[in-house]
Amino acid sequence: MMVHYRYIPHLSIEDNKRIYGKCNHINGHGHNYIVKVTLYGEIDPKTGMLMNLADLKEYMEEAIMEKMDHKNLDQDIEYFKNVPSTTENVAVFVWNQMKDVMDHPEWLYEVEIHETENNIVKYRGD
């Protein structure tokens, strides 16, 4: 579970409410994001794997869970103090965190964030 408050300081209260609706609640609101990470590369003929999924799980634990789980994104994570904590920006943050911890960051192909069942963002580092 992560909490965030959608608000852009240089916009008026009315504009923030219009743009972000109920996500603009002053006390924030929470999400149980689902994060999917896709890898792309050549399969090692010896192991039959691109990457051991146990390693991927450790990378995700370090890059995502340790930094974001049970946190207020806007208050606890420096990146979101100057960047709106939209699902799009959460995907960019996760992408950058994964790139920083992976032994082979070139294998990172896509980060997919499910804010809700119907609100999904995919990011490929572009």
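The name that an unreviewed UniProt entry assigns to the protein is 6-pyruvoyl tetrahydrobiopterin synthase, with the source organism given as Sitophilus oryzae. The UniProt entry for the protein carries the following comment under Pathway (unreviewed entry): "Cofactor biosynthesis; tetrahydrobiopterin biosynthesis; tetrahydrobiopterin from 7,8-dihydroneopterin triphosphate: step 1/3." Recorded in UniProt under Sequence similarities (unreviewed entry), the annotation for the protein is "Belongs to the PTPS family."

**A closer look at the packing of aromatic side chains**
Per the counting criterion, the structure on display carries five aromatic pairs. With a centroid separation of 5.7 Å and an interplanar angle of 40°, the aromatic rings of Y40 and Y109 are classed as tilted. With a gap of 69 residues between them, Y40 in the loop between β3 (34-39) and α2 (53-68) and Y109 in strand β4 (residues 108-114) connect regions that are remote in the sequence. Judged by its relative accessible area of 61%, Y40 falls in the exposed class. Exposure remark for Y109: the relative accessible area of 34% places this residue in the partly exposed category. Members of the aromatic cluster, each reached through a chain of ring pairs, are Y79, F80 and F93.

Conventions used here
- Residues numbered from 1 in each chain as written.
- Predicted model: local features only at pLDDT ≥ 70, side-chain atom pairs only at ≥ 80, totals over all residues.
- Heavy atoms only, no water.
- UniProt positions renumbered as here; feature names shortened; annotations may be inferred.
- Phe/Tyr/Trp six-rings, centres within 6.5 Å; stacked < 30°, edge-to-face > 60°.
- Helix = DSSP H or I, 4+ residues; strand = E, 2+ residues; numbered from the N terminus.
- Buried < 20%, exposed > 50% of the residue type's maximum accessible area, 1.4 Å probe, protein only.

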